[in-house]
Amino acid sequence: MLAFFKHIDSRTPAGIDVHVILDNVSAHKSQPVREWLEHPRRERWHLHSTPTSTSWANLVECWFSILARKALKNRAFNSVADLQHAIDAWAQHWNQDPQPLKWTKQAQPVIDKVKRARTALHHATKPATDH
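Here we summarise the structure given alongside this text. Everything quoted here is computed from the prediction, not taken from an experiment.

## With respect to helix α2 (residues 31–38)
Among the residues making up α2, those that are buried are Val-33, Trp-36 and Leu-37. Down the axis of α2, the buried side of the element spans an arc of 95°, and every buried residue falls inside it. Buried residues in α2 make contact with α1 (2–11) and β2 (45–49).

Listed below in structure tokens is the structure:
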């Protein structure tokens with residue numbers, strides 16, 4: 001993770017903030033990564049975590065799915081640069097007429113899932129002697 005962060009940092013102009021969306025991964029919590037992020041030169045770094053057990057709610061995944069279907073599916077790229085160009089071109093096209101991503105999940109299945117998760121957590125953390 002640290003090598004990846006350093007790679008991003010070295011290729012992002014100094015005046016631009018870096019926002020990283022983390023999907024409940026713990027690699028960013030390691031001591032070397034924390035120390036690197038705590039340095040004053042990394043004030044522009046902002047980490048955002050998606051809520052635990054809610055990757056289905058992550059609309060960013062929807063956007064990447066659209067990107068994959070509309071810009072990358074059934075295409076071959078001869079280089080990373082060609083792939084990057086295709087992604088950039090599609091993103092520019094998207095940004096000219098952006099379409100909002102709408103939450104279509106019904107509330108009751110979400111509530112039911114939370115109840116099941118709470119029940120499972122309660123049973124997992126309940127002492128064997130039931131004290």
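So, next bit.
## Section: the environment of Ile-16
Along the polypeptide, Ile-16 turns up in the loop between α1 and β1 (18–22). Each C-alpha atom, one on Ile-16 and one on Arg-44, is 7.2 Å from the other, the two residues being 28 residues apart in sequence.

## Description of unusual backbone geometry
Even without being a glycine, Asn-74 presents a positive backbone phi close to 60°. Checked against the element boundaries, Asn-74 lands in the loop between α3 (59–72) and α4 (80–96).

## Observations concerning the packing of aromatic side chains
Per the stated rule, a full pass over the model turns up eight aromatic pairs. Summarising the aromatic geometry, the rings of Phe-5 and Trp-45 are spaced 4.9 Å apart at their centres and angled 45° between planes, so their arrangement reads as tilted. With a gap of 40 residues between them, Phe-5 in helix α1 and Trp-45 in strand β2 connect regions that are remote in the sequence. By relative accessible area, which is 8% here, Trp-45 ends up buried. Clustering of aromatic rings is evident, with ring pairs tying together Phe-4, Phe-5, Trp-36 and Trp-45.

## Looking at the side chain of Arg-42
As for its placement among the helices and strands, Arg-42 is situated in the loop between α2 and β2. Lacking a salt bridge, the buried Arg-42 has Asp-9 as its closest oppositely charged neighbour, with an N-O distance of 4.3 Å. Only 2.8 Å separates the side chain of Arg-42 from the backbone oxygen of Trp-36, close enough to count as a polar contact. Once residues within four sequence positions are removed from consideration, Arg-42 is found in contact with Asp-9, Trp-36 and Leu-37.

Rules used in this analysis
- Residues numbered from 1 in each chain as written.
- Predicted model: local features only at pLDDT ≥ 70, side-chain atom pairs only at ≥ 80, totals over all residues.
- Heavy atoms only, no water.
- Buried < 20%, exposed > 50% of the residue type's maximum accessible area, 1.4 Å probe, protein only.
- Helix = DSSP H or I, 4+ residues; strand = E, 2+ residues; numbered from the N terminus.
- Arc of directions from axis to C-beta.
- Contact = heavy atoms within 4.5 Å.
- Phe/Tyr/Trp six-rings, centres within 6.5 Å; stacked < 30°, edge-to-face > 60°.
- Lys, Arg positive; Asp, Glu negative; His and termini not counted.
- Salt bridge = Lys/Arg side-chain N within 4 Å of Asp/Glu carboxyl O.
- Polar contact = N/O pair within 3.5 Å; in protein donor to acceptor, adjacent residues only side chain to side chain.

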